[in-house]
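Below, each chain spelled out in residue letters.
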Amino acid sequence: MASLATPHPITKSLAQRLTHIQSAKAGPVRIAILALITTLALATTTAHAQATWQGLQFGETRDEAKAQLASQSFAMEVSQDGMLQSVADYDLYLPGFIHPFPFKVNLRFVNNHLTNVDLAIDAVAMRSNFPEVGAGSLSFAGSHLAQTLAAKYGHPVFRDFDCSATNQNSDCIVTWRGDNQAISLTWFNARPGIQLRYQMISPEL
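All values derive from a computational prediction rather than experimental measurement.

1. Thoughts on the overall build of the protein
Each helix and strand in the protein was counted, giving 5 helices and 9 strands. Secondary structure elements of the protein, listed N to C terminal, follow the sequence α-α-α-β-β-β-β-β-α-α-β-β-β-β. Expressed as a percentage of the 205 residues in the protein, the buried residues total 37%. Restricting the contact set of the protein to residue pairs at least 6 apart, pairs at least 24 apart contribute 44%. Summing over all exposed atoms, the protein offers an accessible surface of approximately 11,700 Å²; the carbon and sulfur share of this is 56%.

2. Topic: the environment of I121
Its location among the elements puts I121 in strand β5 (residues 113–121). In this structure, the C-alpha to C-alpha distance between I121 and V105, residues 16 residues apart in sequence, is 8.9 Å. With sequence-adjacent residues up to four places away left out, I121 is seen in contact with F101, P102, F103, M126, G193 and I194.

3. Here's the deal with unusual backbone geometry
One non-glycine residue with positive phi stands out, namely S73, at about 60°. Within the secondary structure, S73 sits in the loop between α3 (62–70) and β1 (76–78). We classify S73 as exposed; its relative accessible area is 71%. For N112, which is not glycine, the phi dihedral falls at a positive 65°. Within the fold, N112 resides in the loop between β4 (101–110) and β5.

4. A word on the environment of P102
Mapped onto the secondary structure, P102 falls in strand β4. Take P102: its relative accessible area is 2%, and that puts it in the buried class. In this structure the C-alpha to C-alpha distance between P102 and D91, which are 11 residues apart in sequence, comes to 4.7 Å. With residues up to four places along the chain from it excluded, the contact list for P102 reads D89, Y90, D91, A120, I121, D122, A125, M126 and N129.

5. Topic: the nonpolar core
Counting 36 residues, the largest nonpolar core has W53, L107, L119 and L185 as the members making the most contacts within it. No other element matches the 5 residues that β4 contributes to this core. Among all residues touching L119, those that are not within four sequence positions of it are W53, Y90, F103, K104, V105, I194, Q195, L196 and Y198.

6. Things to note about the pattern of salt bridges
When the charged atoms of two side chains with opposite charge come close together, those side chains can pair. What the rule picks out here adds up to 3 salt bridges. Between D81 and R108 there is a salt bridge, and its shortest N-O distance comes to 3.2 Å. With D81 in the loop between β1 and β2 (84–86) and R108 in strand β4, the pair connects residues that are 27 residues apart, well separated along the chain. Judged by its relative accessible area of 43%, D81 falls in the partly exposed class. R108 sits in the partly exposed class, given a relative accessible area of 28%. Notably, a salt bridge pairs K104 with D122, separated by 3.5 Å at the nearest N-O pair. Of the two residues, K104 is situated in strand β4 and D122 in the loop between β5 and α4 (123–129); the sequence distance between them amounts to 18 residues.

7. Side note on the side chain of T175
Looking at the secondary structure, you find T175 in strand β7 (residues 172–177). Its relative accessible area of 12% is what places T175 among the buried residues. Within polar-contact distance, the side chain of T175 engages the side chain of S184 at 2.9 Å. Not counting the four nearest positions on each side in its chain, T175 is found in contact with P156, V157, F158, A182, I183 and S184.

Criteria and cut-off values
Residues numbered from 1 in each chain as written. Predicted model: local features only at pLDDT ≥ 70, side-chain atom pairs only at ≥ 80, totals over all residues. Heavy atoms only, no water. Helix = DSSP H or I, 4+ residues; strand = E, 2+ residues; numbered from the N terminus. Buried < 20%, exposed > 50% of the residue type's maximum accessible area, 1.4 Å probe, protein only. Contact = heavy atoms within 4.5 Å. Areas by Shrake-Rupley, 256 points an atom, 1.4 Å probe, with all protein chains shown as cover. Core = buried A, V, L, I, M, F, W, Y, C linked by side-chain atoms within 4.5 Å. Salt bridge = Lys/Arg side-chain N within 4 Å of Asp/Glu carboxyl O. Polar contact = N/O pair within 3.5 Å; in protein donor to acceptor, adjacent residues only side chain to side chain.

As structure tokens, this is what we get:
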């Protein structure tokens with residue numbers, strides 16, 4: 001995969017052709033070719049800068065991601081492993097619940113390029129906000145969140161174990177396919193918790 005810091009070979013080639021065509025006399029054929037090349041260039045750029053959670057772009061740097069979320073009044077800080085973690089919880093309102101579920105946000109980078117966005121339930125804040133919540137309630141919440149994700153992304157491409165609201169023994173993992181990303185929902189029934197992950201899909205596959 002080409003580095004995001006330098007022009008992709010295809011994009012560079014298209015740009016050179018654009019310059020050549022623009023310098024020539026305009027004609028119907030040349031105009032049609034120009035429009036086609038422009039469309040391909042935009043498609044190539046989009047494929048290498050795919051939007052994900054809160055408008056973040058896969059491939060952007062730590063500084064870019066931090067600044068983008070800061071512009072939305074959501075502060076991030078560098079974690080001990082060099083990644084980004086939220087300073088305060090992200091309040092996620094789940095269908096069927098009046099109060100939000102507090103999530104810790106972690107951004108994962110490879111070679112300083114964003115590849116994963118992880119939202120993990122803040123268990124301490126959860127117990128404070130909902131002292132009566134147990135494994136069964138989290139499973140119920142996970143089921144509602146799964147329905148919301150299915151409404152947005154369609155049928156899941158992967159489902160592990162029993163993901164019914166009555167299951168309180170096995171963990172549940174459900175994965176959907178988005179635009180150049182995989183969205184995985186995991187809720188832990190034996191040890192209460194919910195995790196939502198947005199992960200970049202390699203363009204090489």
